[in-house]
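# Inside the fold
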Amino acid sequence: MIVKYNIKMQYAAWIAVATLGTVVVMTLVHLMRDVSSRNAAVRYRTELTAKALARAVEPAVLTTNKSALANAVSTIVQDEEILYIAIRDARGLLLYQPPQAQTPTELIMVKVPVTSAYAQVGTVELGIGQASALGGVMKTVLLDLGLGVLLVAAFVGGSVYVSKPVSESLLELGRYVKRVAAGESKGERLESDLTEVDEVGKTLNAVMARVEEAQGKLTRAQRELKAAQKEMDEYTYVISHDLKEPLRGIEAFSKFLSDGYRDKLDDNGRHHIDVIRQSVLRMQRLIGDLLKFSRLAQQKNPMSPVGLNSMLMHVRLNLQYALDQKKVELLVDKLPTVVCDATAMTEVFHNLISNAIKYNENPHPTVEVGCAEVANPDSGMIEYQFHVRDNGVGIKKEYFDKIFQLFQRLQRDEEGTGIGLTIVKRVVEWHGGRIWLHSEEGKGTTFFFTLPKRETTKSGTIMELPKTASKTGGPVAQTV
């Protein structure tokens, strides 16, 4: 029977290493405290020597007898670790110092007053080295550190050995996942010495089986969807063709009645004929827009760089009659060149500008088209933000969300089919942009939409540019 390793055992080994490290740290703390206590003992010993010397040199300090001071020092100071000796008078002037005395740097210094009749007549200064304090401590430190290093090496080596099955199993799991991602693991089952990795392999196999099943269903659904789309296109064409034929007859005969029999009819009769003709014309527009909408996804053209100012010149020519009829002033900023479907983007600007003209009753109607570079609030990528602004009648806030839905028309809209803005929204979204509006009744409407900032490389690849946002629009140019 093959032995299975458990990750918990590996964790136990690493915990032992961490525990050893903690023990070493605590040992060092203990040694530091031991050094402190040894230093205190050395200081105490030095203070006893200094006090004995202070009592012995009192008469010599009073008489400033340097020979007596030297004799007292040689008699009392027998500790070889006392490396600095100085005897000073009450004013701090040096009375005696052995010629071999060291400087007090890195020594434990002790100062004791020399008193006579309760008055200080001088000072004894002694400096002792720390050799005796550090000698025993360093031996302990070296011993503990050596033992600690040996134990750490032993534990780490043992942990590496014990964790070898874990690392090998995880490496095999990683290789297996890569084969799964590359689609090279069909029929393969992961076998590992590690229980947990075995379980992960089984789970991954089950997931892949479900993914393959889902891919099969998705492929079938895509085939069915394509077939349904083809049937819908054929159905739409047939329906529109069959509807257009009788509508042309109704429109022709209603025009015949209007032209040839208008004078023979009363007011109600003439009104009925006009209603018939208007309904027929509206039905024809509705069928045309439905065809355009149904073919929207199938008629996508390749993305290519398009100069928007040149595009808008063509849009202006198409709308010239409506602009002249209402005396609309169309103002266009200096617009960028964008990577887009030229035909679809022409439809966007045509619909937005056409609506701005149609729903403008201002005595001096204006329509402004502009652009700025902004950062996308979600991705941070730089994008173009376009606006089409008018000073017309405005839109009620209750229509803001509905206006982009199919067949949604404003209450005042007697001409539209409710499809134009739906087409605009679809085109903007398949280009990777967003669309929204700001409006106030009686003060006009501004439609905003965005397009990603892209460029075409020499190889023809289209790529987005993550640059800092800055204004793009130039001075406003009057094109009409």
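Here is a short report on the structure shown in this document. Note that the structure is a prediction, hence the values are computed from the model and not measured.

## Considering the environment of Asn-355
Along the chain, Asn-355 turns up in helix α9 (residues 342-358). Sequence-wise, Asn-355 and Leu-421 are 66 residues apart; in three dimensions their C-alpha atoms are separated by 9.2 Å.

## Observations regarding helix α7 (residues 308-318)
Of the positions making up α7, those classed as buried are Leu-308, Met-311, Leu-312, Val-315 and Arg-316. Each buried residue of α7 lies within a common arc of 145° when the element is viewed along its axis, so the set occupies one face. With respect to the buried face of α7, the exposed residues turned more than 90 degrees away are His-314 and Leu-317.

## Here we look at the environment of Arg-434
Along the chain, Arg-434 turns up in the loop between α10 (420-430) and β10 (435-440). For the pair Arg-434 and Leu-451, spaced 17 residues apart in sequence, the C-alpha to C-alpha distance is 7.5 Å. Setting aside residues up to four positions removed in sequence, Arg-434 forms contacts with Asn-376, Pro-377, Glu-383, Val-428, Phe-448, Phe-449 and Thr-450. Within the structure, Arg-434 has its side chain in polar contact with the side chain of Glu-383 (distance 2.3 Å).

## Thoughts on the packing of α7 against α9
The contact between α7 and α9 brings their axes to 10 Å, and the two run at 55°. It follows that α7 is oblique to α9 by the angle criterion. In this structure, the crossing between α7 and α9 has a hand that is right-handed. Along the contact surface, α7 presents Leu-308, Met-311, Leu-312, Val-315 and Asn-318, while α9 presents Ala-342, Met-345, Thr-346, Phe-349, His-350 and Ile-353. Tallied by class, residues from the contact of α7 with α9 come to eight nonpolar, three polar and no charged.

## Things to note about the packing of aromatic side chains
Scanning all chains against the criterion turns up five aromatic pairs. Taking 5.5 Å as the distance between ring centres and 70° as the angle between the ring planes, the aromatic pair formed by Phe-349 and Phe-449 counts as edge-to-face. Separated by 100 residues along the polypeptide, Phe-349 in helix α9 and Phe-449 in strand β11 (residues 444-452) bring together distant segments of the chain. The exposure class of Phe-349 is buried, given its relative accessible area of 0%. Classification of Phe-449 by relative accessible area gives buried; the value is 0%.

## Quick look at the pairing of strand β4 (residues 119-128)
Of all the 10 residues making up β4, eight are buried; the element is thus mostly covered by neighbouring parts of the structure. Across seven bridges, strand β1 (residues 82-89) lies against β4 in antiparallel orientation. Directly across from Asp-89, in β4, lies its bridge partner Gly-122. Remark: two residues form the turn of the hairpin made by strand β3 (residues 108-116) and β4, two consecutive strands paired antiparallel; Ala-117 in that turn has positive phi of roughly 55°.

Cut-offs applied
Residues numbered from 1 in each chain as written. Predicted model: local features only at pLDDT ≥ 70, side-chain atom pairs only at ≥ 80, totals over all residues. Heavy atoms only, no water. Helix = DSSP H or I, 4+ residues; strand = E, 2+ residues; numbered from the N terminus. Buried < 20%, exposed > 50% of the residue type's maximum accessible area, 1.4 Å probe, protein only. Arc of directions from axis to C-beta. Contact = heavy atoms within 4.5 Å. Polar contact = N/O pair within 3.5 Å; in protein donor to acceptor, adjacent residues only side chain to side chain. Axes fitted to C-alpha atoms, helices over the stretch in contact; angles between N-to-C directions. Parallel < 35°, antiparallel > 145°, perpendicular 65-115°, else oblique. Left-handed = near helix turned anticlockwise from the far one by under 90°. Nonpolar A, V, L, I, M, F, W, Y, C, P; charged D, E, K, R; others polar. Phe/Tyr/Trp six-rings, centres within 6.5 Å; stacked < 30°, edge-to-face > 60°. Pairing = 2+ DSSP bridges.

The values reported here are purely geometric and, on their own, carry no functional implication.
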